[in-house]
Structure formats: C-alpha cells, structure tokens
Amino acid sequence: MHEMSICESIIQTLEQHAHDQTFTTVKTIWLEIGQLSSVEIDALTFCFDVVSNDTIAQGAKLVIEQIDGSAWCESCQRTVRIDARYAPCEFCGSVGLPITGGDEMRIREVEVK
C-alpha cells in the first residue's frame, strides 16, 4: 500500500515547513491528486488518519481535489480526456496517447495555526 508512504511524505513535508515557518498545528490540507496517479483516495484518507497521530497534523482535515486525466491525440491534434492509462482517444479511437495531465499529486494549500 503506497498510500502509507505518501502520507508519511506529506507529514515530513509539513513538519519541515513548520520548522522553517514556525507554525505548530496544521488544520486543513488541500491535495490535488490526478486520476491517473494510481492513488486510492479512501486508502489515502485512512492512512493519513493513522500516520498523522501525534504529529502537527493530528486531527487535520484532508481535502482532496481529483484532477482529470488527459492525453494528447496526435491523430486529432488535441488534448483529450482519459479515464485510465492506455485508454483510446474518445474521438478517433487512437491508442498510445502520451499523458499530459492527471498523473500528478501535490499539496496545494495548507491552513496552519
């Protein structure tokens, strides 16, 4: 379950910023997670609750915005929405489309105290 290591990385990042910016409590964390990032949102939420115990993020609210997957279709010469890696173009059926978005994951914003 890589969601556990993702949550550990989030906590480490928050703790480093807390040290640098002198805050002591994280109240809310906004994450952007791409639909194609292979992250199971329910597992991530569960793991975050476990990993954040006894940290500056204990009890913090996790807000997740899921980013749609997108790819470039060479045949159509446009960006198309895709629901899965290796999905065909929704317009012409071409395959092997290079992904242009939706595989990212980032901390977008943090509310601290």
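Structure: above.
Residues numbered from 1 in each chain as written. Predicted model: local features only at pLDDT ≥ 70, side-chain atom pairs only at ≥ 80, totals over all residues. Heavy atoms only, no water.

Run through the sheet that holds strand 3 (residues 69-73), naming residues and quoting values.
Pairing is antiparallel across the open sheet formed by three strands, whose spatial order is 4-3-5. A strand with exactly one partner marks an edge of an open sheet, and here the two such strands are strand 4 (78-82) and strand 5 (99-101). Strand-to-strand twist of the sheet, defined as the mean angle between neighbouring strand axes without regard to direction, takes the value 40 degrees. When strand 3 meets strand 5, the two strands line up antiparallel, connected through two bridges. Along strand 5, the bridge assignment pairs S70 with G101. (Pairing = 2+ DSSP bridges. Helix = DSSP H or I, 4+ residues; strand = E, 2+ residues; numbered from the N terminus. Axes fitted to C-alpha atoms, helices over the stretch in contact; angles between N-to-C directions.)

Quick one: what's the story with the side chain of S37, residue by residue and with numbers?
Here S37 is to be found in the loop between strand 1 (26-34) and helix 2 (41-51). Overall, the relative accessible area of 14% leaves S37 in the buried class. With residues near it in sequence (within four places) discarded, S37 still touches G102, D103 and E104. (Buried < 20%, exposed > 50% of the residue type's maximum accessible area, 1.4 Å probe, protein only. Contact = heavy atoms within 4.5 Å.)

For the environment of I67, give the residues involved together with the corresponding values.
In this fold, I67 is placed in strand 2 (residues 61-67). Residues I67 and S37 lie 30 residues apart in sequence; the distance between their C-alpha atoms is 9.5 Å. If sequence neighbours within four positions are ignored, I67 has contacts with E32, I33, G34, Q35, G102 and E104.

For the nonpolar core, give the residues involved together with the corresponding values.
Ranked by size, the top nonpolar core spans 20 residues in total, and within it L14, V26, I29, L31, L44, F48 and A57 carry the most contacts. Within the residue set of this core, elements represented by two or more residues are helix 1 (2-21), strand 1 and helix 2. Broken down by element, this core gets its largest block of residues, six residues, from helix 1. Every residue in contact with I29, bar those within four places of it in the chain, is listed here: L14, F48, A57, A60, K61, L62, V63, I107 and E109. (Core = buried A, V, L, I, M, F, W, Y, C linked by side-chain atoms within 4.5 Å.)

Tell me about the state of the cysteines, residues and numbers included.
Overall, the coordinates contain zero disulfides when judged by the stated rule. Among the cysteines around C89, which has no disulfide bond, C73 carries the closest sulfur, lying 3.7 Å off. The buried category is assigned to C89, whose relative accessible area is 4%. As a non-bridged cysteine, C92 has C76 as the owner of its nearest cysteine sulfur, 3.6 Å distant. Its relative accessible area of 39% is what places C92 among the partly exposed residues. (Disulfide = S-S within 2.5 Å.)

Help me get a handle on the packing of aromatic side chains, residues and values and all.
Across all of its chains, the model carries zero aromatic pairs by this definition. Above the face of the F91 ring, R78 is positioned so that its terminal group lies 3.5 Å from the ring centre. (Phe/Tyr/Trp six-rings, centres within 6.5 Å; stacked < 30°, edge-to-face > 60°. Lys NZ or Arg CZ within 6 Å of the ring centre and 35° of its normal.)

Can you tell me about the pattern of salt bridges, naming the residues and giving the values?
Scanning the model with the defined rule gives five salt bridges in all. Between R106 and E32 there is a salt bridge, and its shortest N-O distance comes to 2.7 Å. One end of the pair, R106, is in strand 6 (residues 105-112); the other, E32, is in strand 1, with 74 residues separating them in the sequence. In this structure E32 comes out as buried when scored by relative accessible area, which is 12%. Each of D68, R81 and D83 takes part in a single network of salt bridges with overlapping partners. (Salt bridge = Lys/Arg side-chain N within 4 Å of Asp/Glu carboxyl O.)

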